[in-house]
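Coordinate analysis (summary)
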Amino acid sequence: MEQVIRPLELKDYPYLKAMETGIEDDYVVRIFERLVAGQNRLYGLFIGEHLASVCGYTLFGKSHAMIGRIRSDVRYRGKDLATQLTKYVLNVAKNDETIRWVGANTQEENLPARRVLEKLGLTVYSADYGATAQDLSMLENNNGVWTEIKELSLKKSWMERLYIETGAVFPYECYYPFPATRDLFTDEELAQWGFYENEESTRILITKKDFKKHDFLQAIYPWDDIMEQPGLWETISADYRKLAEEAEGECFVWMDLTKQAAHSLPKNHPFTLSSPWMLYGIPAKKESLL
């Protein structure tokens, strides 16, 4: 049968719906209309009239592409189609003149996906837990909250020192971390994000709202000493309570924690820790990401 790879459009929904992936309530099916529009791209590998595999990417900050939504029909597995399609999508993204970095995020326990990404030449940038919780009170010690920073210039200064100058990985959204570049941080976004500085002005906490099926307060703290900073958990909790009061459904705190930070949590900590997420990537252009 003829094999064809092409971008998917709204009219292709019946083909996607007919795939047998073994995934119940697949969000790719639920939000298909969004995944073929705007900053999203979705490609399909067809065997004759059957959609055998899908893969796509989303653009962030105009120059970062995150590959994902890899699905295969169980009736066509064992033919290396997912790898073939992922390689095609990776090359499409790399050849886009506006894209400077291409990556993919998969869980540490997903060995088949990791083998595919490594086979395609992507390297590991980070491995962090996507830690979620709804009540941080057991981590609090009646300390005062940190001082909020509202001046845009001070926010930019912290971002320059911690991320842009170092190229460190920044958790731009829940599930979507990227090596930092200036175009990821617009003035409008920095103005909306909460910045909180400790008393000694040696530590910064960033908080921002996100929505991934549920409302999240994303708390970004780029050090491992999470149990050694008085007021850190009180500051996170204060912002979380504000968001929870506004949210219509369930609301969670989300933190990207290194293995070292996660292992420093007390035994009865409130976080749910699934398999760590591993960020793979490759520069799409030779010039520096800074």
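Scroll up for the structure.
The paragraphs below set out a description of the structure included in this document. (Residues numbered from 1 in each chain as written. Predicted model: local features only at pLDDT ≥ 70, side-chain atom pairs only at ≥ 80, totals over all residues. Heavy atoms only, no water.)

1. Some points on the packing of aromatic side chains
Using the following cut-off: Think of it this way: a Phe, Tyr or Trp ring, Trp meaning its six-membered ring, pairs with another when their centres are within 6.5 Å, and the plane angle makes it stacked under 30 degrees, edge-to-face over 60, tilted otherwise. By the criteria applied, helices consist of DSSP H or I runs no shorter than four residues and strands consist of E runs no shorter than two, each listed in order from the N terminus. Between buried and exposed lies partly exposed: a residue is buried under 20% and exposed over 50% of the maximum accessible area for its type, with that area taken using a 1.4 Å probe on protein chains only. For a lysine, the NZ atom is tested; for an arginine, the CZ atom; a charge sits over a ring if that atom is within 6 Å of the ring centre and within 35 degrees of the ring normal.
One pass over the full model with this rule turns up 21 aromatic pairs. Ring centres of Phe-60 and Tyr-172 lie 6.1 Å apart, and the angle between their planes is 85°; on these two criteria the pair is classed as edge-to-face. Of this pair, Phe-60 sits in strand β3 (residues 50-60) while Tyr-172 sits in strand β8 (residues 169-173), and the two are 112 residues apart along the sequence. The same class applies to Phe-60 and to Tyr-172, which are both buried. A centroid spacing of 4.9 Å and a plane angle of 35° characterise the contact between Phe-60 and Tyr-176, whose relative ring orientation is tilted. In this pair, Phe-60 is assigned in strand β3 and Tyr-176 in strand β9 (residues 176-179), connecting sequence segments 116 residues apart. With respect to burial, Phe-60 and Tyr-176 carry one shared label: buried. These aromatic residues form a ring-pair network of at least three members: Phe-60, Trp-101, Tyr-125, Tyr-172, Tyr-176 and Phe-178. Across the ring face of Trp-158, the terminal group of Arg-161 is positioned such that the distance to the ring centre comes to 4.3 Å. Sitting over the ring of Trp-193, Lys-208 keeps its end group 5.0 Å from the ring centre.

2. Considerations on helix α8 (residues 232-246)
To keep things clear, this is the line we draw: Given the number of residues in a helix, its expected span is that number minus one, multiplied by 1.5 Å.
An ideal rise of 1.5 Å per residue puts 21 Å on 15 residues; α8 measures up with 22 Å between its terminal C-alpha atoms. Turning to α8, its buried residues are Leu-232, Trp-233, Glu-234, Thr-235, Ile-236, Ser-237, Asp-239, Tyr-240 and Leu-243.

3. A few points about empty space enclosed by the protein
For clarity, the threshold we go by: Two kinds of site are reported from a 1 Å grid over the protein atoms alone, namely cavities, where a 1.4 Å probe fits but cannot get out, and pockets, open sets with protein on both sides within 12 Å along at least five of seven lines, and residues are called lining when an atom falls within 4 Å of a point. Grid points are joined across faces, edges and corners, and a volume is the space filled by probe spheres set on the points. Ten residues, namely Ala, Val, Leu, Ile, Met, Phe, Trp, Tyr, Cys and Pro, are considered nonpolar, four, namely Asp, Glu, Lys and Arg, are considered charged, and the remaining ones, Gly among them, are considered polar.
Within this structure, the stated rule accounts for one cavity of 30 Å³ or more. Approximately 30 Å³ is the volume found for the largest cavity. Together, Asn-105, Ser-126, Asp-128, Pro-177, Asp-256 and Trp-277 line the largest cavity. Per-class residue counts for the lining of the largest cavity are two nonpolar, two polar and two charged.

4. Here we look at the side chain of Thr-21
Threshold: Throughout this description, a polar contact denotes any pair of N or O atoms lying within 3.5 Å of each other; where both atoms belong to protein, one of them has to be capable of donating a hydrogen while the other can accept it, and for residues adjacent in sequence the pair is counted only when both atoms sit in side chains.
For Thr-21, the position within the fold is in the loop between α1 (13-17) and α2 (27-30). For Thr-21, a relative accessible area of 14% puts it in the buried group. In this structure the side chain of Thr-21 is engaged in a polar contact, spanning 3.3 Å, whose partner is the backbone nitrogen of Ile-23.

5. With respect to the side chain of Ser-126
Worth spelling out the cut-off: Two residues qualify as a contact provided that any one of their heavy atoms is within 4.5 Å of a heavy atom in the partner residue.
Tracing the backbone through its elements, the reader meets Ser-126 in strand β6 (residues 123-133). Discounting chain neighbours no more than four positions away, the residues touching Ser-126 are Val-169, Trp-277, Met-278 and Leu-279.

6. Side note on the pairing of strand β14 (residues 277-283)
Put simply, the rule reads: Strands are treated as partners if at least two bridges between them are detected by DSSP.
Of all seven residues making up β14, five are buried, and the element is well covered by its neighbours. Bridging between strand β5 (residues 101-107) and β14 involves seven bridges; their strand directions are antiparallel. The residue bridging Ala-104 from the neighbouring strand is Tyr-280, located in β14. Two elements, β6 and β14, share five bridges in a ladder whose sense is antiparallel. When the bridges of β14 are listed, Asp-128 appears paired with Trp-277.

7. Details of the sheet that holds β6
Hydrogen bonding along the main chain pairs the strands of a sheet, whether they run parallel or antiparallel. Heads up, the condition is: A fitted line through C-alpha atoms represents every axis, and for helices the fit uses only the stretch in contact; the resulting angles, taken between N-to-C directions, go from 0 to 180 degrees.
Taken in spatial order, the 12 strands make up an open sheet running β1-β2-β3-β4-β5-β14-β6-β13-β12-β11-β10-β7, and their pairing is mixed. Both outer strands of the open sheet, β1 (3-7) and β7 (147-149), are each paired with one neighbouring strand and no more. Across this sheet, the average inter-strand angle for adjacent strands is 30°, counted without regard to direction. Sheet analysis places strand β2 (residues 40-47) next to β3, joined by eight bridges and oriented antiparallel.

8. Details of helix α5 (residues 111-119)
An α-helix turns once per 3.6 residues; consequently, residues spaced three or four apart project the same way. The cut-off we apply is this: To be clear, the arc concerns the directions from the helix axis to the C-beta atoms.
Looking at α5, one finds that the buried residues are Arg-114, Val-116 and Leu-117. Down the axis of α5, the smallest arc covering the buried residues is 160°, so these residues share one side. Among the exposed residues of α5, those pointing more than 90 degrees away from its buried face are Arg-115 and Lys-119. Close packing links the buried residues of α5 with α4 (81-94), β5 and β14. Between the side-chain oxygen of the N-cap and the backbone nitrogen of Ala-113 there are 3.2 Å, and the N-cap of α5 in question is Asn-110. Backbone geometry just downstream of α5 places Gly-121 in the positive-phi region, at approximately 95°.

9. Here's the deal with the environment of Arg-182
Locating Arg-182 in the fold gives a position in the loop between β9 and α7 (187-192). Overall, the relative accessible area of 47% leaves Arg-182 in the partly exposed class. Between the C-alpha atom of Arg-182 and that of Glu-165, which follows or precedes it by 17 residues, the distance is 9.6 Å.

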